[in-house]
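# Residue-level structure breakdown
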Amino acid sequence: MAVINQRWVDIKVGIMEIDHLFILCSPTAPEAEVLEAFGLQEGEPRVHQGQGTANRRFFFGNTYLELLYVQDELALQSDTSRITRLHERFGQHCSDISPFGICFKSLPSGDVELRDYRPDYLPHDYQLALAASNPLTEPMWFFLSSPEHKVPPYRTQQMLDSAGFSRLSAVIISTTQGASISAVAKTLVAESCVSLVPGLTPLMELIFDDGIQGRCHDFRPALPLVVNW
């Protein structure tokens, strides 16, 4: 069990592992400063050629957090990138739209409709798929497969354990109250360490190391993020 904003929840163990997570941010992601001020060390950033986005990244023992921002508006609205609906998420005039994304290392076992996505920045031997029925009120669900001989980037980056935590155990995503949960979300929740709960505004809560220390840090209002360890 772990304390999450004074709520007790069961730590879920799922068969689908998370590759990385993202939070949509302002241009150049100045929100990274609050993570650095907390004591986390920034890893290597990346530009997503052809997709119109770039990121600043913070690596952990088994995943990384991506602060995603728009670098090229035209590329973001291109025929290739339109399938992601990122342009709609970035233009979130509605507070119900989720600013989050969760990428898994494998496909769900359930009957989930997927769409192949081949952005320019993706190495030819990698495969990326998006959940087809993915409402904007939920995180962007996507799936990345890499060759077995390739070492995931978080194993080559410095782990951010200076704050006293290392491995991601569970994720709790708050969606706005009244938003219906899609069939794909129900499948992913059943097969992973991700939980969806109702909330007043979108929020991402990350639990590290099973929350064994019972500690918590809230990065709001700079980021809709709470970390528990």
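Please refer to the structure placed before this passage.
Along each chain, the written sequence defines residue order, and numbers are assigned to residues from 1. Totals for whole chains, interfaces and linings use every residue, but because this is a predicted model, local features are given only for residues with pLDDT of at least 70 and side-chain atom pairs only at 80 or more, for both listing and counting. Working from all heavy atoms in the structure, the side-chain values ignore hydrogens and water.

### Description of the side chain of serine 174
By definition, any uninterrupted DSSP run of H or I lasting at least four residues is a helix, any uninterrupted run of E lasting at least two residues is a strand, and each is numbered from the N terminus. Note on placement: serine 174 falls in strand S11 (residues 168-176). The buried label applies to any residue whose accessible area, calculated with a 1.4 Å probe on protein chains only, is under 20% of its type's maximum; exposed applies above 50%, and partly exposed to all values in between. Classification of serine 174 as buried rests on a relative accessible area of 7%. Leaving out residues up to four positions away in the same chain, serine 174 has contacts with Val197, Gly199, Thr201, Pro202, Leu203 and Glu205. The contact criterion used is simple: two residues touch if any of their non-hydrogen atoms lie within 4.5 Å.

### With respect to the pairing of strand S12 (residues 194-199)
Across six bridges, the pairing between S11 and S12 is parallel. Its bridge partner being in S12, threonine 175 is matched across the sheet by proline 198. Following the backbone out of S11, through helix H4 (residues 183-191) and into the adjacent parallel S12, one traces a crossover that is right-handed. Strands are treated as partners if at least two bridges between them are detected by DSSP. Note on handedness: a clockwise path from strand one over the helix to strand two, with the strands aimed away from the viewer, defines a right-handed crossover.

### Overview of the sheet that holds strand S8 (residues 114-117)
Ordered by their spatial adjacency, eight strands build an open sheet running S4-S5-S6-S3-S7-S10-S9-S8, and the pairing between neighbours is mixed. Strands with a single pairing partner mark the edges of an open sheet, and in this sheet they are strand S4 (46-48) and S8. Shown here is a sheet whose adjacent strand axes are inclined to one another by a mean of 30°, direction ignored. Bridge analysis of S8 against strand S9 (residues 127-131) gives four bridges, and the strand direction is antiparallel. The angle between two axes is taken between their N-to-C directions and runs from 0 to 180 degrees, where each axis is a line fitted to C-alpha atoms and a helix contributes only its stretch in contact.

### Considering the packing of aromatic side chains
By convention, a stacked pair of Phe, Tyr or Trp rings (six-membered ring in the case of Trp) has centres within 6.5 Å and planes under 30 degrees apart, an edge-to-face pair has planes over 60 apart, and any other such pair is tilted. Taken as a whole and judged by the stated rule, the model has eleven aromatic pairs. When the ring of phenylalanine 38 is compared with that of phenylalanine 219, the centres are 5.3 Å apart and the planes differ by 85°; the resulting orientation is edge-to-face. Taken together, the residues phenylalanine 38 in helix H1 (residues 32-38) and phenylalanine 219 in the loop between strand S14 (216-218) and strand S15 (225-228) connect sequence positions 181 residues apart. Here phenylalanine 219 falls in the buried class, since its relative accessible area comes to 4%. With 5.2 Å between their ring centres and 50° between their planes, phenylalanine 165 and tryptophan 229 make a pair best called tilted. With a gap of 64 residues between them, phenylalanine 165 in the loop between strand S10 (140-145) and S11 and tryptophan 229 in the segment after S15 connect regions that are remote in the sequence. Residue phenylalanine 165 is classed as buried on the basis of its relative accessible area, which comes to 2%. Through a chain of ring-to-ring contacts, three or more aromatic side chains come together here, namely Phe38, Phe60, Phe165, Phe208, Phe219 and Trp229.

### Some thoughts on the sheet that holds S11
Within a sheet, adjacent strands bond to each other through the backbone by hydrogen bonds, running parallel or antiparallel. Across the sheet, which stays open at both edges, the five strands sit in the order S12-S11-S13-S15-S14 with mixed pairing between neighbours. Of all strands in the sheet, those with a lone pairing partner are S12 and S14, marking the two edges. Direction aside, the axes of adjacent strands within the sheet are offset by 20° on average. Pairing between strand S13 (residues 203-208) and S15: four bridges, direction parallel.

All we've got here are geometric facts, nothing functional implied.
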